[in-house]
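Structure assessment
Each chain, written out:
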Amino acid sequence: MELAVLDATLLYPPTPRKVNAMTIPRDGLAVLGPALAFALLMSDYVSNSQAQIKPEAFHRTIDGSQVDVYMLKNANGLEATITNYGGIVVSLMVPDKNGKPGDVVLGYDTLNDYIGNTPYFGCLVGRYGNRIAKGRFTIDGVVYQLAQNNLGNALHGGLKGFDKVVWQAEKVDSSDGPALKLTYTSKDGEEDYPGTLRCTVTYTLTNKNELKIEYSAETDKPTFVNLTHHSYFNLKDGGASDILGHELVIKASRFTPVDKGLIPTGELRSVAGTPFDFNKPTAIGVRLASEDEQMQFGTGYDHNWVLDRQGKDLELVASVYEPTSGRFMEVLTTEPGLQFYCGNFLNGTNKGKGGTVYQHRTGLCLETQHFPDSPNHPDFPSTELKPGEKYTQTTVYRFSAK
Ligand code: GLA
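Before going into details, it helps to say that this report is about the structure given with it.

1. As for the overall build of the chain
- Helices and strands together make up the secondary structure of the chain, namely 3 helices and 32 strands.
- Counting only residues that meet the buried cut, the chain has 56% of its 402 residues in that class.
- In the chain, of all internal contacts separated by at least 6 residues, the share reaching a separation of at least 24 is 66%.
- Accessible surface for the chain amounts to roughly 16,500 Å². Of this, 51% is attributable to carbon and sulfur atoms.

Rendered as structure tokens:
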């Protein structure tokens, strides 16, 4: 008998909770038989055993704010576990072609691991995702200097970017499916960016088997904004083996070549005849040994593609197919660019969920965004946000199997 697969949308704190229309506070378990009480206590772990996420491993106060994990489960049984620390997607359970669910994102079992050392596993990235050359930009004649946290450049929002802050979390029900609304206010001057930025990010696990991410932000002074999401996907086995056999499509005729520090040169280069042409499904590993200088600079793929878009609405821009599991992921976005990073810096030093050691290229990131270093490239689509304007972006990761 399945005692308690509940409406377990909030994993922790689990009290009070509904069991067969009764509400049983956790302290009330003593009045039940010991076996029943034990079963109820364990039920959250049982129902989520494949994800191996224990809620108490994330229950902690940081900077005076409560951190927890939240579970979204859609009508088809897909499950996403998300923490409001950094807005990190901790696990994402998706069926393979035989209907067997498996976790398709890399990450950790505990909050402490994320705090200790993470290569941006599953997080929200901001205020500016990707790189800004020399950590410097100018607005209205004023030069701003950010922390240079990556080879003399600024990467992913700084020393304490949006991946390392506690977001306020609110579970919201939508007609699309269960959702988690996260809000964070970044103060004027935080990480040396101008303007107080009020951000909202809503994760919805839709009943069409999509992880939908909707971002919005408003500022009180001109600033730069480029928000994105940094899940490392491995559709085969969640990171136990490499992603070289994953077949990728990116609908883009051009990409932004970079210098050795991975800063765009400003050129929009044709992908034709290069290892950067993913207009037809191509296994990621096939051209990695190419002597193309760009592949040397990136030590593999770590570049921004200029998406071939029809307009500004949500549009299919990329897909990944993994032949052994049959899992298929499509990426839809409103953004002009896509950073494809194939886990070049993973090197076996991150011991993740269930003890899995993430070796070289065991995860891939598809970061929908504006182009890197846009503040210093007036020709690129602008990332400037002014008071009275609203920044919005929507990205969908849609799952199926074949
Ligand atoms: C992005 C960057 C990479 C790397 C990863 C995190 O994808 O483009 O260079 O910094 O994040 O390790």
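2. With respect to the sheet that holds strand S8 (residues 101–103)
- What the 4 strands build is an open sheet, ordered S5-S6-S7-S8; its pairing is antiparallel. The open sheet has two edge strands, strand S5 (69–73) and S8, and neither has a second partner. Taken pair by pair, the neighbouring strands of this sheet meet at an average axis angle of 15°, ignoring direction.
- Pairing analysis gives 4 bridges linking strand S6 (residues 79–83) to strand S7 (residues 89–95), with the strands arranged antiparallel. In the strand pairing of S7, Ile82 is matched with Val89.

3. So, the environment of Lys181
- Summarising the element assignment, Lys181 is placed in strand S15 (residues 177–186).
- The exposure class assigned to Lys181 is partly exposed, which follows from its relative accessible area of 32%.
- Sequence separation of Lys181 and Ala169 is 12 residues, and the distance between their C-alpha atoms is 5.7 Å.
- What Lys181 contacts, discounting residues up to four positions off in sequence, is Gln168, Ala169, Glu170, Val172, Thr200, Val201 and Thr202.

4. A short note on the sheet that holds strand S23 (residues 282–283)
- Strand order in the open sheet formed by 9 strands is S14-S15-S16-S17-S32-S26-S25-S20-S23, with antiparallel pairing between adjacent strands. The open sheet has two free edges, formed respectively by strand S14 (168–174) and S23, since each of these has just one partner strand.
- Bridge count between S14 and S15: 7 bridges; the pairing is antiparallel. Among the inter-strand pairings, Gln168 is bridged to a residue of S15, identified as Thr183.

5. Overview of the state of the cysteines
- Evaluation of the coordinates by the stated rule reveals 0 disulfides.
- Of all cysteine sulfurs in the structure, the one in Cys365 sits closest to Cys123, which takes part in no disulfide; the separation is 8.8 Å.

6. A look at the side chain of Thr204
- Counting through the fold element by element, Thr204 comes out in strand S16 (residues 197–205).
- Residue Thr204 is classed as buried on the basis of its relative accessible area, which comes to 3%.
- When sequence neighbours within four positions are dropped, the list of residues in contact with Thr204 reads Ser174, Asp176, Gly177, Pro178, Ala179, Glu210, Leu211, Lys212 and Glu214.

7. Focus: the pairing of strand S26 (residues 327–333)
- The element S26 is largely enclosed, with a buried count of 7 among its 7 residues.
- Of the two faces of S26, the one holding Arg327, Met329, Val331 and Thr333 and the one holding Phe328, Glu330 and Leu332 are both buried throughout.
- Here strand S25 (residues 315–321) pairs with S26 via 6 bridges, running antiparallel. Across the sheet, Tyr321 pairs through a bridge with Phe328, a residue of S26.
- The turn linking S25 back onto S26 is made up of 5 residues, and Gly326 within it adopts a positive phi angle of 80°.
- Looking at chain direction, S26 and strand S32 (residues 391–401) are connected through 7 bridges and run antiparallel. Bridging across to S32, Phe328 finds its partner in Ser400.

Calculation notes
Residues numbered from 1 in each chain as written. Predicted model: local features only at pLDDT ≥ 70, side-chain atom pairs only at ≥ 80, totals over all residues. Heavy atoms only, no water. Helix = DSSP H or I, 4+ residues; strand = E, 2+ residues; numbered from the N terminus. Buried < 20%, exposed > 50% of the residue type's maximum accessible area, 1.4 Å probe, protein only. Contact = heavy atoms within 4.5 Å. Areas by Shrake-Rupley, 256 points an atom, 1.4 Å probe, with all protein chains shown as cover. Pairing = 2+ DSSP bridges. Axes fitted to C-alpha atoms, helices over the stretch in contact; angles between N-to-C directions. Disulfide = S-S within 2.5 Å.

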